Amino acid sequence: MEKKIFIKTFGCQMNEYDSNRIIDSVKKIGFKKTDDQENADCYILNTCHIRDKAKEKVYHEIGRIKKIYKKKTKPIMVVAGCVAQAENQEMLKREPFIDIVVGPQSYHKINELLSSYDFKKKNEETEFDTITKFEYFDQIENKNTKISAFLTIQEGCDKFCNFCVVPYTRGPESSRSFHKILTEAELLIKNGAKEIVLLGQNVNAYSYIENLKEYRLSNLINQLESYSEIKRIRYTTSHPTDMTQDLIDCYKNNKKLMPLIHLPIQSGSNKILRLMNRKHTVEEYLQVYEKLKKINPNIEFSSDFIVSYPGETDQDFIETLNLVKKIKFINSYSFIFSPRPGTKASNQKLIDNNISKKRLIKLQECLFNHQIKKNKFYENKSLDVLVENKIKGKNQLFGRNEYMNSVIFEGEMDDIGKVLKVKILKSNQNSLFGKKDISSNMRAA
Ligand code: SAM
Ligand code: SF4
Ligand code: F3S
């Protein structure tokens, strides 16, 4: 009999991709994905360890799940993802409700773990075995049917920023086979993908050597460009030191590569970047920015920022604000520094919480102001929108413009998967609202 599996995903796009691949894998042993979390035979929490009380949040979640199943048969409880990797055995000792703990580089063992499940025997798998994992998943069809599809090409990180857990939870940098990635891309296209988002913790560090030839992210982008069904290509997340000339040149030649670059800088102060071990200066970041703007002035940047990193003075913070005013980042993320166990910055003196909150508000005000202005600028203009889906329960469609802004408008089901001109009538900080620009769409047809 078919068993039901429910998976709840936290964290980054890579976790989202992993969750889908786990579902693809467990189908082979008779599990089917369910959206009903109250009646599952297996319940997976795919966790994130990047900030705050990540571990406690997982135990809190499990407390909630325990209540749901108090009077029902207990599901096989699996903790996957980055908290699983960081905490491993500890989780099984602390919470008997958990049956299996599996780290991100051991997902190729998930079928075996579930098939051999025995409620008396707990299992933990947190080896770093990325190559075997990639090889395993290369044999399993990616069943994704979304218009915008994620495709992981690289995992792990060798940069060791002093604040970050990723090198510990995802392990060293490892790149997938160039040709296997293309095979997966072809499958995604066959299933209806019109946009491919290449993923990696350091996606632009992608490097795969085969027959003495090195394949880089630029090679992948150029190859994807040649598939006629693909309308858009994106990649995330990049590190400034890996923005090599071949990648920058892609913006000269590729029509499908979207003009939004998510390039986290974290701080506008060289002193803080040094303390963070970011391995680049503000000036080096600006050089990349200027090179790209020269190729195409319409390219926009988005970033991640950490405020109140230990040692950040008012002056350092002002330098971050100045950088934000200069670059006018859009669609950015900002966080207060959160000490992560095991990282170099974890024992440093924290900045007063009230000061940190004030800095975050100030930075976000500045970021959101640019965002609101940019969105206002789109009003009364016709934008290219890739239509992704229908909004549940409404007669409206959801799509994205080139810069990843959500666009909501009225349309028909067969608009899904097309790039349409949408005239923007209204905007707020996060979304644009419009209507199909019939005359432009007719001209384009
Ligand atoms: N590899 C990417 C890079 O080099 O920027 C980022 C990966 S990380 C998953 C995403 C973002 O989380 C980082 O850019 C950083 O801003 C934030 N982050 C990571 N560790 C953090 C911490 N300890 N406290 C606050 N924010 C953190
Ligand atoms: Fe974390 Fe730094 Fe690696 Fe990005 S580059 S994943 S922030 S250690
Ligand atoms: Fe979180 Fe792991 Fe992604 S810590 S951000 S799920 S790589």
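Thresholds applied
In this convention, every chain numbers its residues from 1, walking through the sequence in written order. Here the convention is simple: chains get letters from A, ligands get numbers from 1, in the order in which they are written. Predicted model: local features are reported for residues with pLDDT of at least 70 only, side-chain atom pairs are reported and counted for 80 or more only, and whole-chain, interface and lining totals are derived from all residues. Values reported for side chains reflect all heavy atoms of the structure, with hydrogen atoms and water molecules removed beforehand. Numbered from the N terminus, helices here are DSSP runs of H or I no shorter than four residues, and strands are runs of E no shorter than two. Buried means the residue's accessible area, taken with a 1.4 Å probe over protein chains only, is under 20% of the maximum for its type, while exposed means over 50%, and partly exposed covers the values in between. Here, residues are in contact when the closest pair of their heavy atoms is within 4.5 Å. The Shrake-Rupley method, run with a 1.4 Å probe sphere, supplies the accessible areas, and residue values consider only the shown protein chains as cover. Only when DSSP finds a minimum of two bridges between them are two strands counted as paired. Fitted lines through C-alpha atoms give the axes, limited to the stretch in contact for helices. The angle between two N-to-C directions lies from 0 to 180 degrees. The cutoff for a nearby residue is simple: one of its non-hydrogen atoms must lie within 4 Å of the molecule or strand. When residues are grouped by polarity, Ala, Val, Leu, Ile, Met, Phe, Trp, Tyr, Cys and Pro land in nonpolar, Asp, Glu, Lys and Arg in charged, and all others, Gly among them, in polar. This arc corresponds to the set of directions leading from the helix axis out to the C-beta atoms. For the domains described, the bounds stem from an automatic or database domain assignment. Note on terms: buried area is the combined drop in 1.4 Å-probe accessible area of two parts once they are placed together, counting the loss on both. Just to be clear on terms, a salt bridge is a Lys or Arg side-chain nitrogen sitting within 4 Å of an Asp or Glu carboxyl oxygen. Two N or O atoms count as a polar contact when they lie within 3.5 Å, although within protein this holds only if one can serve as hydrogen donor and the other as acceptor, and sequence-adjacent residues are included solely when both atoms are side-chain atoms. In this text, buried Ala, Val, Leu, Ile, Met, Phe, Trp, Tyr and Cys residues form a nonpolar core when linked through side-chain atoms within 4.5 Å.

Caption draft 1: Up close: the overall build of the protein chain. When its secondary structure is counted, the protein chain shows 15 helices and 22 strands. Reported as C-alpha extents along the three principal axes, the dimensions of the protein chain are approximately 60 × 55 × 50 Å. Counting over 445 residues, the protein chain shows a buried share of 54%. For the protein chain, restricting intrachain contacts to residue pairs at least 6 apart in sequence, the fraction spanning at least 24 positions comes to 72%. Total accessible area on the protein chain is roughly 20900 Å²; 51% of this is exposed by carbon and sulfur atoms.

Caption draft 2: Region of the structure containing the sheet that holds strand β20 (residues 406–410). Taken in spatial order, the 5 strands line up as β18-β19-β20-β22-β21 and close into a barrel, and their pairing is mixed. Across the sheet, the axes of successive neighbouring strands diverge by a mean angle of 50°, strand direction being ignored. Bridging between strand β19 (residues 396–400) and β20 involves 5 bridges; their strand directions are antiparallel. Within the sheet, the bridge partner assigned to L397 lies in β20 and is F409.

Caption draft 3: Structural view of the site of ligand 2. In the vicinity of ligand 2, the residues found are C157, K159, F160, C161, F163, C164, V166, P167, N202, H239 and R278. Classifying every residue of the shell around ligand 2 by side-chain character gives 7 nonpolar, 2 polar and 2 charged.

Caption draft 4: Structural detail: helix α9 (residues 217–225). Burial in α9 covers these residues: L217, S218, L220, I221, L224 and E225. Considered in projection along α9, the buried side chains sweep an arc of 160° and stay on one side of the axis. Considering only its buried residues, α9 is in contact with α8 (178–190), β10 (195–199), β12 (213–216), β13 (232–236) and α10 (245–253).

Caption draft 5: Structural detail: the domain arrangement of the protein chain. Segmentation of the protein chain into domains returns domain 1 (3–128), domain 2 (132–377) and domain 3 (379–444). On a C-alpha basis, the centroid separation for the pair domain 1 and domain 2 is 27 Å. The partner domain 2 presents 30 residues to the 26 residues of domain 1 that form the contact. The contact between domain 1 and domain 2 buries some 2600 Å² in all, and 58% of this surface belongs to carbon and sulfur atoms. If you sort the residues of domain 1 by the area they bury against domain 2, M14, Y17 and R21 come out on top, with a joint share of 27%. The closest approach of N and O atoms between R170 and D18, which form a salt bridge, is 3.0 Å. At the boundary of domain 1 with domain 2, the tally comes to 18 residue pairs in polar contact (both at pLDDT 80 or more). Sorting the residues of the side of domain 1 that touches domain 2 by element identifies α1 (13–26) and α3 (81–87) as the ones contributing at least two each. Considering every element that reaches the side of domain 1 that touches domain 2, the biggest residue donor is α1, with 10 residues.

Caption draft 6: Region of the structure containing the nonpolar core. If you look at the biggest cluster of nonpolar residues, it comprises 68 residues, and the most contacted ones within it are L198, Y235, F301 and F329. Discounting chain neighbours no more than four positions away, the residues touching L198 are L151, I153, V203, L217, L220, I221, L224, R234, Y235 and T236. Counting residues in each nonpolar core, the second largest holds 20 residues, with F6, Y43, I68 and V101 among its members.

Caption draft 7: The arrangement of the environment of P339 in detail. Counting through the fold element by element, P339 comes out in the loop between β17 (333–336) and α14 (353–377). Linking P339 and I50, residues 289 residues apart in sequence, is a C-alpha distance of 9.6 Å.

Caption draft 8: Spatial organisation of the site of ligand 1. Inspection of the region around ligand 1 gives 16 residues, with F163, Q201, Q266, D304 and S338 positioned closest. Contact between ligand 1 and R51: an oxygen atom at 3.2 Å from a side-chain N or O atom of the residue. One of the side-chain nitrogen or oxygen atoms of Q266 is found 2.7 Å away from an oxygen atom of ligand 1. Surface burial for ligand 1 is 90%, taken as the share of its 550 Å² of free accessible area covered by protein chains. Within the residue set of the shell around ligand 1, elements represented by two or more residues are β16 (304–307) and β17. Partitioning the shell around ligand 1 into residue classes produces 7 nonpolar, 5 polar and 4 charged.

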